[in-house]
Amino acid sequence: MERQPFCQTAVSRRRFLGSAISAGAAILGSASILSLGACRSQGGSASNATAASAPASKAAVVPTLGEVTLDAASILRVSKDQVVQATDFKEAKTNQYLIEEERFDLPLGSQAYQIDSNRAIALVPRSEGDTLVDLNLLDLRNGKMSLLADTAAGTSQGHPGALVYDARASESVLAWTELDIADLSWQVYAAPLAASATGQAQLLDMGTSDYETPQLAVVQDKVYWTVMPNPSGAAQYQDSYLKTAFLGRGEPWTVLTSSGRLSCDVIASDGVVCVAPRVDDKNIYYRLFALSASDEAQLASLILPQSLRVSQAVWLPQGFCFSIEGNNPNVGGLSSFGTYWALPDGKWLCLGRMPSLTPVQLGNLFCARSTTSIVGLDVANGCFFAIPTLADSADYGDILMGWGVQDKLIVYGTVQNSNDPAKSKVIARVFSLKNGI
């Protein structure tokens, strides 16, 4: 594999809304402010939420600031000899490993997040470039969508400028965040998820513009979200929190506290939640935590070398997988940007590409985004393959719909029609492993 330059990735919901908000709040004049149509009976109130500046008082389950020992023996050390470079692998054909099962079209601008092998949540803009989205349940077997939301819950809770910001789901629970573009306040909601509809919405948390709109993870009937200070706001030097709540059962509580901002978003895979809090006040050390979603028990942890930040982190069966966006001199084998997977023999696999998405493990294959295409890494045989992008694909290429451990690999990307831009669309492809791989 030859090294390739970093290519601008697809615009994220956070980046897109940030641009729209900076351009002004003209959208407030629209009569079609987004609301949750399937959650007609909204439920929940501010009294049920945990304010961002005052996390729930339940004791943290995992070690917090005063319980972490920062000594040489506790910090992850990886030598260059321990790193297996994917750039040294031999190229193989995609059809040696994968079978394309389905291919279907999605509306232009769609963003989708996998729930399981058969379903995903899709955020679909009302029109090209629109900040207002419909929230849909996507059937990965045929591409059909069922409308879950066309109205923001906050519009009936004192937030007339609310719009759906982001969403994640398990097989039984839908969680989403809303942003009020009038004052940049935010709310976290959740509702039961059935075959093609949602139940009563529950307000889990809310906060002001001093804190960023939370990132979400959902495991069964449990929702996790991060509360991090806005780096340019009045709370910029305050702590961050990982919070959780059971849908419909009791109050939210704080799982752990970070001294300052977390290093990356919370990610849940196969019943394990991964997060990377800062663990000291004076120096810059981050710690990777893998927590069981059933009880927040600590399954594993790693203290990273000083000043080393990760942009994504997920727990896989053989250990942590994390991504580094910048070069970090003087940390041995972790000095270069890329994605690193723990291997069973104590070594680390490195894909030396600028990371942009959380990787997927499909059987024994590690799959990640490499510049514009999705690549699969076969460590046992020292091979890699790249899923070809479709003709006329946008320059940012394909996107992974899932993350962590998956039974299917779903990729999607924008295909442009230069003759008639209105006919441009998003195409999703569903792949499974060939027998015997």
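Just so it is clear, the model here is predicted, and its values are computed rather than measured. (Residues numbered from 1 in each chain as written. Predicted model: local features only at pLDDT ≥ 70, side-chain atom pairs only at ≥ 80, totals over all residues. Heavy atoms only, no water.)

*Asks:* How should I be thinking about the overall build of the protein chain in this particular structure?
*Replies:* When helices and strands are tallied, the protein chain shows one helix and 32 strands. Residue pairs in contact within the protein chain that sit at least 24 positions apart in sequence constitute 55% of those at least 6 positions apart. (Helix = DSSP H or I, 4+ residues; strand = E, 2+ residues; numbered from the N terminus. Contact = heavy atoms within 4.5 Å.)

*Asks:* Please explain the sheet that holds strand 27 (residues 373-378) as it appears in this structure.
*Replies:* Paired through their backbone hydrogen bonds, the strands of a sheet run either parallel or antiparallel. Strand order in the open sheet formed by six strands is 3-28-27-26-25-30, and the pairing between neighbours is mixed. Strand pairing shows two members of the sheet lacking a second neighbour, strand 3 (90-91) and strand 30 (404-406), which therefore form its edges. Both strand 3 and strand 28 (residues 383-387) contribute to a ladder of two bridges, which runs parallel. By the bridge assignment for strand 28, Glu-91 is matched with Phe-384. (Pairing = 2+ DSSP bridges.)

*Asks:* Just to check I follow, could you spell out the pattern of salt bridges for this structure?
*Replies:* Side-chain pairs of opposite charge can arise where the charged atoms are in close proximity. Under the criterion given, the structure shown has twelve salt bridges. Taking the shortest distance from any N to any O, the salt bridge between Lys-243 and Asp-205 comes out at 3.0 Å. Here the residue Lys-243 occupies a position in strand 15 (residues 240-246), and Asp-205 occupies one in strand 12 (residues 202-207), the gap between them amounting to 38 residues. By relative accessible area, Lys-243 is classed as buried at 1%. Overall, Asp-205 belongs to the buried group, its relative accessible area being 0%. The residue Asp-398 makes a salt bridge to Arg-429 at a minimum N-O spacing of 2.8 Å. Remark: Arg-429 occurs in strand 32 (residues 425-433) and Asp-398 occurs in the loop between strand 28 and strand 29 (399-400); sequence separation between them is 31 residues. This pair shows no difference in class: Asp-398 is buried, exactly as Arg-429 is. (Salt bridge = Lys/Arg side-chain N within 4 Å of Asp/Glu carboxyl O. Buried < 20%, exposed > 50% of the residue type's maximum accessible area, 1.4 Å probe, protein only.)

*Asks:* How should I be thinking about the state of the cysteines in this particular structure?
*Replies:* In protein structure, a disulfide is the covalent linkage between the sulfur atoms of two cysteines. For the coordinates displayed, the defined rule picks out zero disulfides. Looking at Cys-264, it has no disulfide partner, and the nearest cysteine sulfur is the one in Cys-274, 6.3 Å off. (Disulfide = S-S within 2.5 Å.)

*Asks:* Would you mind going over the environment of Gln-220 with me for this structure?
*Replies:* Within the secondary structure layout, Gln-220 lies in the loop between strand 13 (216-219) and strand 14 (222-227). On the basis of relative accessible area, Gln-220 is assigned to the exposed category, the value being 61%. Spatially, the C-alpha atoms of Gln-220 and Ser-172 are 6.2 Å apart, while their sequence positions differ by 48 residues.

*Asks:* I tried to follow unusual backbone geometry on my own but got confused; where do I start?
*Replies:* Apart from glycine, the bulk of residues carry a negative phi angle, and the bulk of peptide bonds sit in the trans form. Non-glycine residue Thr-371 carries a positive phi angle of around 65 degrees. Position of Thr-371 relative to the elements: it lies in the loop between strand 26 (365-370) and strand 27. The exposure class assigned to Thr-371 is buried, which follows from its relative accessible area of 12%.

*Asks:* For this particular structure, what's the right way to read the nonpolar core?
*Replies:* Looking at soluble globular proteins, one finds that nonpolar side chains tend to be buried together. One finds Ile-121, Leu-174, Trp-176, Trp-341, Leu-349 and Leu-377 to be the most contacted residues of the largest nonpolar core, which totals 36 residues. With near-sequence residues (within four places) excluded, Ile-121 lies in contact with Gln-111, Ala-112, Tyr-113, Ile-115, Leu-135, Asn-136, Leu-137, Leu-148, Ala-167, Ala-169 and Leu-174. If you look at the next biggest cluster of nonpolar residues, it comprises 25 residues, including Tyr-286, Leu-308, Val-310 and Val-331. (Core = buried A, V, L, I, M, F, W, Y, C linked by side-chain atoms within 4.5 Å.)

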